[in-house]
Amino acid sequence: MMKKQVTSEVAGSVMKIIIDNPETKNGLTWEGVEQLSDSFERFMEDDKIRAAVITGNKQYFYTGGRVNPKNPGENEKYANAISRYSAVADRTTKPMIAAISGDCLKAGMGLIAKCDFAVAREGVQFGFPEIRMGGVPMVVMAETFGTMPKKKALEAFLSGRNFSAEEAYHMGLVNRVAAEDKFWETVDEFVRIFLDTPGELIEMTRRAYDSLEKIERMQDRRKFAMEMLRTEVLTTMAETEVTYNV
């Protein structure tokens with residue numbers, strides 16, 4: 001039987017996706033990457049699920065792929081699994097929260113960049129160690145581009161050193177750093193943001209940000225914003241109860 005490296009569970013309208021493969025420091029083989037894609041697809045297809053929390057174990061959050069290129073056929077299986085995961089992750093439009101209870105390295109950094117919010121436990125480490133391994137972090141660089149100030153990003157990429165949760169917070173990679181006894185309580189505070197706000201407003205706000213981020217000129221950003229106001233936001237406000245100055 002295929003070993004479960006990624007599991008998921010649903011409580012109410014929240015899915016928890018758990019990466020747990022301690023033998024590889026929470027790295028995923030091609031089977032694990034397929035399991036992660038399966039979880040993402042279930043998350044998107046179930047209309048009752050409104051948000052997802054992605055986490056690992058207490059040692060590691062996620063540390064990227066594991067492939068043995070000497071095994072016949074494994075290269076192709078791994079490449080196909082990564083291709084599928086990338087396509088599935090790009091189609092994921094529901095909100096996600098990264099609950100980082102263990103060290104986050106390599107592709108784990110790209111995973112938290114995909115999430116709307118991220119909470120880190122005090123004491124965990126972050127890093128892009130690829131250059132120390134004789135490589136270049138160009139793939140995860142593409143995923144995290146724009147999430148950190150340029151000089152901080154280059155320092156992290158070029159030094160390959162690990163850095164603390166507090167540094168990750170000041171770099172803009174995480175929203176909160178929480179003590180271990182307050183960790184899941186803090187994660188739940190962010191979950192409540194998604195559950196206590198009408199889903200259509202969450203969807204429109206996230207889509208507005210993603211769209212505006214891609215528009216360079218202020219004039220064009222204002223044009224897009226006004227068009228969305230007229231065609232979507234005001235229509236939604238007319239159909240729901242609006243309270244001012246709350």
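The sections below set out a description of the structure shown in this document. It should be emphasised that the depicted structure is a prediction, and the values quoted were computed from it without experimental measurement.

### Here's the deal with the sheet that holds strand 10 (residues 176-178)
Inference 1: Strand order in the open sheet formed by six strands is 1-2-3-5-7-10, with mixed pairing between adjacent strands. If you trace the sheet from one side to the other, it starts and ends with strand 1 (6-11) and strand 10, each paired once. In this sheet, adjacent strand axes meet at a mean angle of 20° when their direction is disregarded.
Inference 2: Pairing analysis gives three bridges linking strand 7 (residues 117-121) to strand 10, with the strands arranged parallel. When the bridges of strand 10 are listed, valine 119 appears paired with arginine 176.
Inference 3: Against the sheet, helix 7 (residues 183-195) touches strand 2 (14-19), strand 3 (51-55), strand 5 (96-100), strand 7 and strand 10, its axis set at about 170° to strand 7.

### Looking at the sheet that holds strand 8 (residues 125-127)
Neighbouring strands of a sheet are bound in pairs by backbone hydrogen bonds; such pairs are parallel or else antiparallel.
Inference 1: Ordered by their spatial adjacency, four strands build an open sheet running 4-6-8-9, and the pairing between neighbours is mixed. Looking along the sheet, the strands with just one partner apiece sit at the ends: strand 4 (60-62) and strand 9 (162-164). Averaged over all pairs of adjacent strands, the angle between their axes in this sheet comes to 25°, without regard to strand direction.
Inference 2: Examined bridge by bridge, strand 6 (residues 103-105) and strand 8 share two bridges and lie parallel to one another. Note on strand 8: the bridge partner recorded for leucine 105 is glycine 127.

### Topic: unusual backbone geometry
Inference 1: Positive phi is not limited to glycine here, since lysine 25 has a value of about 55°.
Inference 2: Note on placement: lysine 25 falls in the loop between strand 2 and helix 1 (30-45).
Inference 3: Judged by its relative accessible area of 48%, lysine 25 falls in the partly exposed class.
Inference 4: Despite not being glycine, asparagine 26 has its phi angle at roughly 65°, a positive value.
Inference 5: Here asparagine 26 lies in the loop between strand 2 and helix 1.

The rules behind the values
Residues numbered from 1 in each chain as written. Predicted model: local features only at pLDDT ≥ 70, side-chain atom pairs only at ≥ 80, totals over all residues. Heavy atoms only, no water. Pairing = 2+ DSSP bridges. Helix = DSSP H or I, 4+ residues; strand = E, 2+ residues; numbered from the N terminus. Axes fitted to C-alpha atoms, helices over the stretch in contact; angles between N-to-C directions. Contact = heavy atoms within 4.5 Å. Buried < 20%, exposed > 50% of the residue type's maximum accessible area, 1.4 Å probe, protein only.

Scope: geometric values only; no functional claims are made or implied.
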